[in-house]
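Summary of the model geometry
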Number of protein chains: 2
Amino acid sequence: MKFFVEKSELQEAISKVQKAITNKTTMPILEGILIKAENNKLILIGSNTELTIETKINADVIEDGSIVIESKLFGEIIKKLPNSQIEIHSIDDNSINIKCLKSTATFIHMDAADYPKTPQINENMIFSIPQKLLKNMIKGTIFAIAQDETRPILTGVLFQVKNKKLNLVALDGYRVAVRTENIDNDNVINAVIPGKTLNEVAKILEESDEPVHITFTPNHILFNLGNTKVLSILLKGEFIKYESIIPNEYNLKAIVKKNEILNSIEIASLIGKEGSNNLVKLDIKDDTIIVTSNSQLGTVREEVNIILQGESVKIAFNSKYLIDVFKIMEEEEIVMEFSSSISPCVVKNKENDNCTYLLLPVRLANNN
Amino acid sequence: MKFFVEKSELQEAISKVQKAITNKTTMPILEGILIKAENNKLILIGSNTELTIETKINADVIEDGSIVIESKLFGEIIKKLPNSQIEIHSIDDNSINIKCLKSTATFIHMDAADYPKTPQINENMIFSIPQKLLKNMIKGTIFAIAQDETRPILTGVLFQVKNKKLNLVALDGYRVAVRTENIDNDNVINAVIPGKTLNEVAKILEESDEPVHITFTPNHILFNLGNTKVLSILLKGEFIKYESIIPNEYNLKAIVKKNEILNSIEIASLIGKEGSNNLVKLDIKDDTIIVTSNSQLGTVREEVNIILQGESVKIAFNSKYLIDVFKIMEEEEIVMEFSSSISPCVVKNKENDNCTYLLLPVRLANNN
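Residues numbered from 1 in each chain as written. Chains lettered and ligands numbered in written order. Predicted model: local features only at pLDDT ≥ 70, side-chain atom pairs only at ≥ 80, totals over all residues. Heavy atoms only, no water.

1. Looking at the overall build of chain A
- For chain A, the helix and strand inventory stands at six helices and 25 strands.
- Oriented by its inertia axes, the alpha-carbon framework of chain A measures out at about 80 × 50 × 35 Å.
- Within chain A, the proportion of its 368 residues that are buried is 52%.
- When contacts within chain A are restricted to residue pairs at least 6 apart in sequence, long-range pairs at least 24 apart make up 65% of them.
- Accessible surface, chain A: about 16900 Å² in total, of which carbon and sulfur atoms supply 46%. (Helix = DSSP H or I, 4+ residues; strand = E, 2+ residues; numbered from the N terminus. Buried < 20%, exposed > 50% of the residue type's maximum accessible area, 1.4 Å probe, protein only. Contact = heavy atoms within 4.5 Å. Areas by Shrake-Rupley, 256 points an atom, 1.4 Å probe, with all protein chains shown as cover.)

2. Digging into the interface of chain A and chain B
- At the junction of the two partners, chain A supplies 28 residues and chain B supplies 28 residues.
- Summed over both sides, the interface between chain A and chain B buries roughly 2600 Å², with carbon and sulfur atoms accounting for 52% of that surface.
- Area buried by chain A at its contact with chain B is led by A:K80, A:K102 and A:L297, which between them contribute 24% of it.
- Connecting chain A to chain B are two salt bridges.
- Where A:E266 meets B:K80, a salt bridge forms, and the shortest distance between an N and an O atom there is 2.5 Å.
- Between the two partners, chain A and chain B, sit 16 residue pairs in polar contact (both at pLDDT 80 or more). (Buried area = accessible area lost by both parts, 1.4 Å probe. Salt bridge = Lys/Arg side-chain N within 4 Å of Asp/Glu carboxyl O. Polar contact = N/O pair within 3.5 Å; in protein donor to acceptor, adjacent residues only side chain to side chain.)

3. Examining the packing of aromatic side chains
Residues and elements named next belong to chain B.
- This model, assessed by the stated rule, comprises 10 aromatic pairs over all chains.
- Summarising the aromatic geometry, the rings of Y174 and Y321 are spaced 5.8 Å apart at their centres and angled 25 degrees between planes, so their arrangement reads as stacked. Separated by 147 residues along the polypeptide, Y174 in the loop between β12 (165-171) and β13 (175-182) and Y321 in helix α6 (residues 319-328) bring together distant segments of the chain.
- By relative accessible area, which is 49% here, Y174 ends up partly exposed.
- A relative accessible area of 16% places Y321 in the buried class. (Phe/Tyr/Trp six-rings, centres within 6.5 Å; stacked < 30°, edge-to-face > 60°.)

4. Some words on the pattern of salt bridges
Residues and elements named next belong to chain A.
- Under the criterion given, the structure shown has 40 salt bridges over all chains.
- With a shortest N-O distance of 3.8 Å, E266 and K327 are connected by a salt bridge. One end of the pair, E266, is in helix α5 (residues 258-272); the other, K327, is in helix α6 (residues 319-328), and 61 residues separate them in sequence.
- By relative accessible area, E266 is classed as buried at 11%.
- Residue K327 is classed as exposed on the basis of its relative accessible area, which comes to 54%.
- Residues joined by salt bridges that share partners form a network here, namely D172, R175, K320 and D324.

5. Focus on the environment of A:N251
All names here are of chain A.
- With respect to the helices and strands, the residue N251 is situated in the loop between β17 (228-233) and β18 (252-257).
- In this structure N251 touches Q309, G310, E311, F338 and S339, once residues within four positions along its chain are discounted.
- At 2.8 Å, the side chain of N251 forms a polar contact with the backbone oxygen of S339.

6. Focus on the UniProt feature "domain: DNA polymerase III beta sliding clamp N-terminal" (unreviewed entry) in chain A
- With numbering matched to this structure, UniProt assigns "domain: DNA polymerase III beta sliding clamp N-terminal" (unreviewed entry) to residues 1-118 of chain A.
- With 19% helix and 48% strand, residues 1-118 of chain A has end C-alpha atoms that lie 22 Å from one another. (UniProt positions renumbered as here; feature names shortened; annotations may be inferred.)

7. A look at the state of the cysteines
- Tallied over the entire structure, the rule returns zero disulfides over all chains.
- A:C355 provides the cysteine sulfur closest to A:C345, a residue in no disulfide bond, and the two sulfurs are 12 Å apart. (Disulfide = S-S within 2.5 Å.)

8. Some thoughts on the pairing of strand β11 (residues 156-162) of chain B
Residues and elements named next belong to chain B.
- Burial within β11 is extensive, with six of its seven residues counted as buried.
- Summarising the sheet, β11 and strand β14 (residues 189-194) pair through six bridges and their orientation is antiparallel. Paired with F159 across the two strands is A191, which belongs to β14.
- Here β11 pairs with β12 via five bridges, running antiparallel. Along β12, the bridge assignment pairs Q160 with N167.
- Connecting β11 to the next strand, β12, in antiparallel fashion are two residues, including N163 with a positive phi near 50 degrees. (Pairing = 2+ DSSP bridges.)

9. Considerations on the relation of the copies chain A and chain B
- Mapping chain A onto chain B calls for a rotation angle of 180 degrees and an axial translation of 0.0 Å; the resulting RMSD is 0.0 Å. In the structure described here, the two chain copies are related by an operation that fits a two-fold rotation axis. (Least-squares fit on C-alpha atoms with pLDDT ≥ 70 in both.)

10. A word on the side chain of A:T55
Residues and elements named next belong to chain A.
- Tracing the sequence through the fold places T55 in strand β4 (residues 51-58).
- For T55, a relative accessible area of 3% gives the class buried.
- Only 3.5 Å separates the side chain of T55 from the backbone oxygen of N227, close enough to count as a polar contact.
- Each residue touching T55, except ones within four places of it in the same chain, is listed here: A13, K16, V17, L42, I43, L44, N227 and T228.

Right under this line is the structure:
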């Protein structure tokens, strides 16, 4: 094997495939990056069996070949080399030489034949969506996945294709997050992607209008970004029928400036942290939300102006859940819908109907 | 007590005095900030008994008074309040009310009478030095203090005033760091400041030519920055006579581009980390330093061009010690002086004679 490659391109490719490489693997070869040099391309692959990332870059390949090289040290060395062309060539069956200007390194490597085969996916059931849109949809839902493993399916995000729409849905028993975009596809699909791997997918997706092409198989989802492909397993099992949980009616609708309510909840949450359950109380009436919290150290009271339609209500929440939602929402004006102090609250953008968040309140004793 | 104060000024003052407040105190009152309102000033004090920081800001004081308020929560709340005027006033003997636009908070506070008295220092034996200069001198030495407590005096930095010079000196048995500046003072002083407190002093010093006035007493050093005063205890005991350790002669002098040697040592250290003692070897001859390192994973070889005067030498170091020094030095061209493979190396700036670093080599078996 012998090739020349630009340092910056190799560094970027390493950093992409490293997102699939974990230290806690029982297969030492998966701590390595598989590098294939052929047809004037380098193909780099990183995998932890659940998630596999493959990326292709240009190289001047003098002699084809494949190796597996320990990912961490290789990545650190390449990163530190000067911005110039790097030459990599085999010295013998188990070591390579790396040259870059006045730097030279030799490395022991592993045998490419021992690297697990990547499942072959037939890229036929495809729809496409701009990368930045999917990135936002993931960020807008993934925070609401279940953190514990009691119901493993809830540690994933549902990708639902239905009525020419893509819905991403996460829920953990206390809240539901739904993001929706139109897509040009008539299929009906329900697939649940593990939150852990989806997090890494979100990091690889770029803030660009370039499309990502998506293929589903019974066991996998494939994200094709052009030169980079990301393959994740799906979680097995039935997702919760989330549509029936979200109420369509309300008794109170408040239009709120998102940053104002976020800041008020954050102030109130500081003192609420001292108490038991991050409790903040909202007293909604007369075009105002009064946010209060208290602990043995003191009390906080915040006023937020709103536009109110309907009845007034007093309701309490775990402040963390409100903060998570307000932080991720994109519009400055949002709508909060309430029915009673013991019914869930629904939060949406005022303009764009592309997200729905549902939050369960904390039930208070009557005298609160 | 009642006063009005600008949020940004109060926030900055809190963040300054918090540098002296530790969570691990056996005196709960020291988790608080002492706030005194008098003469249209607020004085804030934070202390951990070894280090005390006092800062003064303008306020519109309607009614004098003193309280001690739990530092962490108070700081977090003030930080989150809008950029506007804050009103703080006593409600009763043990609580205050904080108002800022539409935010209101009430806090339990502690009794100012219970706060330990700060030692009164007579500010008479004073010299002054620009803040940014002292900040650089501290940063340029403090990394070399001893990390273990076997010889407590070495966990501090020596402030030595002698021959109209201020020398800061730190050493840990493997290396010595000396920074020197001229000052206008004829006294002879040797005082050792604990590294922990000096770190906080460096954070408070600004990148400015404004002076810091320094007073020594037998047990304390006082840094007076105008509105802020920092008082630290001194370490007891005799510092090592560092002057006799630093050799004045050498057999080899190399003029080196600092960033080139730093980068080469960093690359070599990546692979050296896998081995036993972060070892890097320098082979200095023919206007080149060849930097090598190796481990069971591979080897690295780097070439650095230098200007060499004198004999050639092969010598090995713990890479961390070289990196620490090169990272902190300010000139692009530096001088490295060697005598033999088992003698210390002395590193200086090429132009400005304001620093001297000494590094002990690692002794190698002959066949290396």
